[in-house]
Amino acid sequence: MSERFDCDNCKESLYGRKYIQAEENPYCIPCYDSLFANTCDECKELIGHDSRELFYEDRHYHEHCFRCFRCDRSLADEPFTSQDDALLCNDCYCNEFSSKCVACDKTVMPGTRKLEYAGSTWHEGCFICNSCQQPIGSKSFIPDKDDHYCVPCYENKFAPRCTRCKQALAKGGVTYRDEPWHKECFVCTSCKVQLAGQHFTSRDDSPYCIKCFGNLYAKKCEACNKPITGFGGGKYISFEDRQWHQPCFTCSRCSVSLVGAGFFPEQDEILCRNCNSTL
């Protein structure tokens, strides 16, 4: 008498029948499917042993059930993504969820290089300078209303030019006589020291630092022979064709201050009343 060979579940003989070995035990096809087959997440039917099964994130599908939620295209051999548990082919996902390039109005595909600015998106190659038409890429740019310019084009087109060197002022600078200057270009006409942030004056429309102006053009104090500029609140005394700093206007003999007092000129000297009376 031959040894029995039965299905481990229903105990029916497997002689002359197809069976599947699972966990070291034989099963008839119906029992194997009922015990071990997964349920399709889409149609809720068992995925039989003779069906191609696809698996994604703990979910199982018949091959014919693994399709795009929007266009019903098979995803068995296509790239896809998942949005709110719905499977979408790349085309449907991009059309629904990807941004569009404001320049060419085409979808910016996931994974492609793009630029985003002020809530808008561009393909990298579509974000170009409005003047030279070259892609800006990762370089600095300057917006002007709805246009964008690379820095060199913007400076050539819009930026004011320095009165001295004629080059564009990208930022900063100073204004003198309603004209723009680079800070480093706005210098004393004589000694070339920078004047930005310093006291200065002008002669014949040319700027001078206080020191140079005093040395070149200011009258000299009769007592100390230093320039009388009048800057910094300095006061001076003038008599005939001579001038003095206020602190220097003293008696030539006793050095008492003559500011607000009577004085007497004596040849090149200026005398107080007392010194004059002793003459």
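Only a predicted model underlies this, so the values are computations on that prediction, with no experimental measurement involved.

To continue, consider helix α1 (residues 29-36). When we look at burial in α1, the residues that qualify are I29, C31 and D33. For α1, the secondary structure elements touched by its buried residues are β1 (19-22) and β2 (25-28).

Attention now goes to the pattern of salt bridges. Applying the stated rule across the entire model yields 10 salt bridges. A salt bridge links K114 to E116, with the nearest nitrogen and oxygen atoms 3.5 Å apart. Taking relative accessible area as the criterion, K114 reaches 43% and is therefore assigned partly exposed. What makes E116 exposed here is its relative accessible area of 55%. One network of salt bridges, in which partners are shared, links R52, E63 and D77.

Before going further, it helps to examine the UniProt feature "domain: LIM zinc-binding" (unreviewed entry) in the protein. Cross-referencing UniProt, the feature "domain: LIM zinc-binding" (unreviewed entry) maps to residues 38-98, 99-160 and 219-279 in the present numbering. In this annotation, residues 38-98 is assigned 13% helix and 26% strand; the end-to-end C-alpha distance for the span is 34 Å.

Glancing now at the nonpolar core. Y61, F66, C68, L75 and L87 are the most contacted members of the largest nonpolar core, which totals 14 residues. Within the residue set of this core, elements represented by two or more residues are β3 (53-56) and β6 (86-89). Broken down by element, the residue count for this core peaks at three residues, all from β6. Counting 13 residues, the second largest nonpolar core, distinct from the first, contains V174, C188, L195 and F213.

A few words on the packing of aromatic side chains. Taken as a whole, this structure holds 23 aromatic pairs when the rule is applied. The interplanar angle of 75° and the centroid separation of 5.3 Å between the aromatic rings of Y27 and F36 together place this pair among those described as edge-to-face. Within the aromatic cluster, the residues linked to one another by ring pairs are Y56, Y61, F66 and F80.

A separate point is the domain arrangement of the protein. Each assigned domain of the protein is listed here: domain 1 (19-95), domain 2 (98-158) and domain 3 (235-278). Domain 2 and domain 3 are separated by 75 Å when their C-alpha centres are compared.

Parameters at a glance
Residues numbered from 1 in each chain as written. Predicted model: local features only at pLDDT ≥ 70, side-chain atom pairs only at ≥ 80, totals over all residues. Heavy atoms only, no water. Buried < 20%, exposed > 50% of the residue type's maximum accessible area, 1.4 Å probe, protein only. Helix = DSSP H or I, 4+ residues; strand = E, 2+ residues; numbered from the N terminus. Contact = heavy atoms within 4.5 Å. Salt bridge = Lys/Arg side-chain N within 4 Å of Asp/Glu carboxyl O. UniProt positions renumbered as here; feature names shortened; annotations may be inferred. Core = buried A, V, L, I, M, F, W, Y, C linked by side-chain atoms within 4.5 Å. Phe/Tyr/Trp six-rings, centres within 6.5 Å; stacked < 30°, edge-to-face > 60°. Domains from an automatic or database assignment.

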